[in-house]
Amino acid sequence: MTAAPASPTRQILRDSARLLFLALIPAILAGWLHPKHPVWSWSKPGVTEVNLSEITRWSAPLSWIDARSSAAFQKEHVPGAILLNEDQWEQQLPHFLEVWQPNAKIIVYCDSAACDASQAVALRLQRELNLSSIYVLQEGWASWLQSNP
Amino acid sequence: MAAIQPMKTIALWICRLLLGGTFAYAAVQKIAEPTAFATDIEHFRLLPHPLTLALALYLPWLELFCSAAVLARKYEPSALLLIALMCGVFFIALTSAWCRDLDINCGCFGHSNATSALPWAIARSLALGLLALLLFKQSPSVSSQ
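Residues numbered from 1 in each chain as written. Chains lettered and ligands numbered in written order. Predicted model: local features only at pLDDT ≥ 70, side-chain atom pairs only at ≥ 80, totals over all residues. Heavy atoms only, no water.

Caption draft 1: Just a nonpolar patch on the surface, in detail. Residue and element names in this part refer to chain A. A grouping of Phe-21, Leu-22, Leu-24, Ile-25, Ile-28, Leu-29, Trp-32 and Leu-33 is seen on the molecular surface, where their side chains present a nonpolar patch of about 830 Å² in accessible area. Tracing the backbone shows Phe-21 in helix α1 (residues 8-33). Owing to a relative accessible area of 52%, Phe-21 belongs among the exposed residues under this scheme. (Patch = residues over 30% accessible without salt bridge, like charges linked within 9 Å, V, L, I, M, F, W, Y side chains within 5 Å. Areas by Shrake-Rupley, 256 points an atom, 1.4 Å probe, with all protein chains shown as cover. Salt bridge = Lys/Arg side-chain N within 4 Å of Asp/Glu carboxyl O. Helix = DSSP H or I, 4+ residues; strand = E, 2+ residues; numbered from the N terminus. Buried < 20%, exposed > 50% of the residue type's maximum accessible area, 1.4 Å probe, protein only.)

Caption draft 2: Just the side chain of Lys30(B), in detail. Residue and element names in this part refer to chain B. Tracing the backbone shows Lys-30 in helix α1 (residues 4-32). A polar contact is formed between the side chain of Lys-30 and the side chain of Glu-63, at a distance of 3.1 Å. Not counting the four nearest positions on each side in its chain, Lys-30 is found in contact with Phe-37, Pro-60, Glu-63, Gly-107, Cys-108 and Gly-110. (Polar contact = N/O pair within 3.5 Å; in protein donor to acceptor, adjacent residues only side chain to side chain. Contact = heavy atoms within 4.5 Å.)

Caption draft 3: Summary view of the interface of chain A and chain B. Every contact between the two is made by 35 residues of chain A and, on the other side, 36 residues of chain B. Of the roughly 3000 Å² buried where chain A meets chain B, counting both sides, 66% is carbon and sulfur surface. If you look at where chain A meets chain B, you find two salt bridges. A salt bridge links Glu33(B) to Lys36(A); the nearest nitrogen and oxygen atoms lie 2.6 Å apart. Counting across the interface, chain A meets chain B through eight residue pairs in polar contact (both at pLDDT 80 or more). Tallying contributions element by element places α1(A) first for the side of chain A that touches chain B, with 16 residues. Residues of the side of chain A that touches chain B, tallied by class, amount to 18 nonpolar, eight polar and nine charged. (Buried area = accessible area lost by both parts, 1.4 Å probe. Nonpolar A, V, L, I, M, F, W, Y, C, P; charged D, E, K, R; others polar.)

Caption draft 4: Region of interest: helix α3 (residues 49-72) of chain B. All names here are of chain B. Under the 1.5 Å per step criterion, the end-to-end length of α3 is 35 Å for 24 residues, consistent within 8% with the ideal 34 Å. The largest bend in α3 is about 30 degrees, located at Leu-55. The first or second residue beyond α3 is Arg-73, which carries a positive phi of 60 degrees. (Expected span 1.5 Å × (residues − 1). Bend = angle between axes of the 7 residues up to and from the residue.)

The structure is reproduced here in C-alpha cells:
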C-alpha cells in the first residue's frame with residue numbers, strides 16, 4: 001500500500017515552509033559569524049537630537065554641518081555652515097577638518113524630520129573621528145527656516 | 001500551435017533568468033553588508049529596531065534561496081509565491097515611504113549613499129511581483145490543477 005500524493009496546494013505550502021526554514025540557518029550563522037554583522041540592541045543607536053531654542057541657549061561656539069545635497073546647500077544654508085554629506089564624504093571631509101575647532105559643538109542638519117542624512121553624517125563623524133560634542137538639529141533645515149524666515 | 005510551444009518555453013526561461021538573476025544579485029549585495037542593509041530598513045521607519053536587525057539578516061538569505069530555487073526549478077512554485085509575497089511587501093513599504101516624502105535609499109540592491117528614485121523602485125517591485133505570479137501560474141503543478 002502506498003501513501004496518496006499530497007495535493008499541490010499542500011505541497012506548495014510545505015515547500016514554502018522548507019524554503020523559509022532553510023533561509024533561517026545561514027541568517028542565524030551570519031548574525032553570529034559575519035564580520036559585518038549588526039550589533040544587537042533593543043534601541044536604535046543615534047546621535048542626540050536638539051531643537052533650535054535649546055541651541056540658542058548654548059554658550060559654546062557652534063559648528064554647523066549641512067548634510068543635504070550640494071545643490072540644496074548652494075541654494076541656501078545656515079550662515080557659516082560647512083557642506084558634508086555621505087555622497088561626497090571623501091572630498092568634503094578635508095575642508096571640515098581644516099575649519100573644525102575642538103571646543104565647538106557640532107550641529108548637523110538635513111532637510112526636515114523626514115530625512116536621515118544628518119543622523120548618518122553625525123554617526124559617521126562620531127565613529128570615524130571619535131567626536132563627542134556632536135548633535136543633530138531636530139526637523140533640520142525646515143525648523144531653521146521657520147525660526148529665520 | 002506546435003511552433004508556439006518552444007517560443008513559450010524560451011520566453012518562460014528568459015523570465016525565470018530575469019527574476020532569479022535579479023533576486024540573486026540583490027541578495028548577494030545585501031548579504032555582504034548586513035549592517036548597512038539594517039540601516040536602510042531603519043530609514044523606512046516602519047519596524048522596531050530589533051526587528052530591522054533580524055530582517056536585515058534573514059531577508060537576503062530568503063531572496064537567495066528563492067532565486068536559486070527558481071533557477072534550479074526545485075520547489076519552484078513555492079519560491080515564486082514567496083518572491084511575489086516579498087515584492088508585495090516591498091511595494092507597500094516603498095509606497096508608504098514615498099507617501100511620507102522620505103528622502104531615502106530604497107536598499108533594494110544593497111546600501112548606496114545616494115538616494116534613489118522611489119517611484120522607479122515601486123514600479124520595479126510591482127513588475128517583479130507580477131512576473132513571479134505569471135511564472136507561478138505557468139508552473140506545471142499549478143497550471144495542471
